[in-house]
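Remarks on the overall topology
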Amino acid sequence: MAAVSDSKPIIWMRPEKPARGPAPTHSRGQIAAVAIDIADSEGIEAASVRAIAKRLGTGAMTLYRYLPAKEDLYTVMIDEATGFEPQEPTGDLRADLTTLAHRRRQIFLRHPWLAPLLATRPIMGPNFMRGMERDLAVLAGCGLGMDETFDVLNLIHSWVGGAVQAELTERANADRSGVDRHAWRLRMEPYLKSLLATGEFPHLSRMVKVSEIGEADERFENGLAIILDGIEARFSTATGTNGARRPVGDTDGAPAETRRATVQRAARSSTTE
């Protein structure tokens, strides 16, 4: 199937204030803030143009002047919810990545609809661009090359997004069913013990005896620690062949094919923020 090209410029390329006609009463940021408030409390599907217009005290058709398509609404919502928080690089790879991961997790927890929506939509709004520049600067301070930087950022972004979605799904299931994790485990315990008693699951039996599944914060910290251990082991020095720190983007004299691959990976990484 041939790809269909949409010639309409993306929302960021369209002026907020029309060249003709009355000045807009509301900004895109104000509309996005109302939509985010609705989505946070009622879910993303509740953030309809009609509901937003009602909150703003205006007509639904009026809002289409600002954001003609639902795609436009989601785009400004994602960028507004993502926001921008500065982070100064310390040169400590583990500490800087920990800060980056914690910040991303808190954003997703504040806006439960954001992680799944962001996972399917490549957004390159103003806050996204500022955030990517910040993260690149943070990792540049740790001496990683450009290709290494994208690998590390993609790993952290993907893992945090997946961990938070699992956490939010568990929370939603508990709210919907009235059965939390502890109650569910108590309910499953007799069945689990009957299976383990057969002797067919020696590894599971050992795990059940010696391990305890922690709460969401603890699970997140444990998983992040394992990932950071691996990153530290792989990039233990983050130095070039002469012992000097490599600036981000340095391909260390790589051939043209490698440099082109690095550029292509940079383009693909825009879908992970």
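See the structure above.
A few points on the structure.

The rules behind these values
Residues numbered from 1 in each chain as written. Predicted model: local features only at pLDDT ≥ 70, side-chain atom pairs only at ≥ 80, totals over all residues. Heavy atoms only, no water. Core = buried A, V, L, I, M, F, W, Y, C linked by side-chain atoms within 4.5 Å. Buried < 20%, exposed > 50% of the residue type's maximum accessible area, 1.4 Å probe, protein only. Helix = DSSP H or I, 4+ residues; strand = E, 2+ residues; numbered from the N terminus. Contact = heavy atoms within 4.5 Å. Patch = residues over 30% accessible without salt bridge, like charges linked within 9 Å, V, L, I, M, F, W, Y side chains within 5 Å. Areas by Shrake-Rupley, 256 points an atom, 1.4 Å probe, with all protein chains shown as cover. Salt bridge = Lys/Arg side-chain N within 4 Å of Asp/Glu carboxyl O. Polar contact = N/O pair within 3.5 Å; in protein donor to acceptor, adjacent residues only side chain to side chain.

**What about the nonpolar core?**
- If you look at the biggest cluster of nonpolar residues, it comprises 57 residues, and the most contacted ones within it are Ile52, Met77, Trp113, Ile156 and Ile231.
- Listed by contribution, the elements that provide at least two residues to this core are α1 (28–42), α2 (49–56), α4 (70–82), α5 (93–110), α6 (114–120), α7 (126–140), α8 (146–177) and α11 (216–234).
- Counting residues per element, this core draws most heavily on α8, at 8 residues.
- With near-sequence residues (within four places) excluded, Ile52 lies in contact with Ile31, Val34, Ala35, Ile38, Ala47, Leu63 and Leu73.

**Quick notes on a nonpolar patch on the surface**
- A surface patch of nonpolar side chains, amounting to about 320 Å² of accessible area, comprises Leu192, Leu204, Met207 and Val208.
- With 3 residues, the single largest contributor to the nonpolar patch is helix α10 (residues 202–210).
- With respect to the secondary-structure elements, Met207 resides in helix α10.
- Assessed through its relative accessible area of 44%, Met207 is described here as partly exposed.

**Side note on the side chain of Arg105**
- Within the fold, Arg105 resides in helix α5.
- At 3.1 Å, the side chain of Arg105 forms a polar contact with the side chain of Glu167.
- When residues no more than four places from it in sequence are discounted, the contact partners of Arg105 are Val160, Val164, Glu167, Ala216, Asp217 and Phe220.

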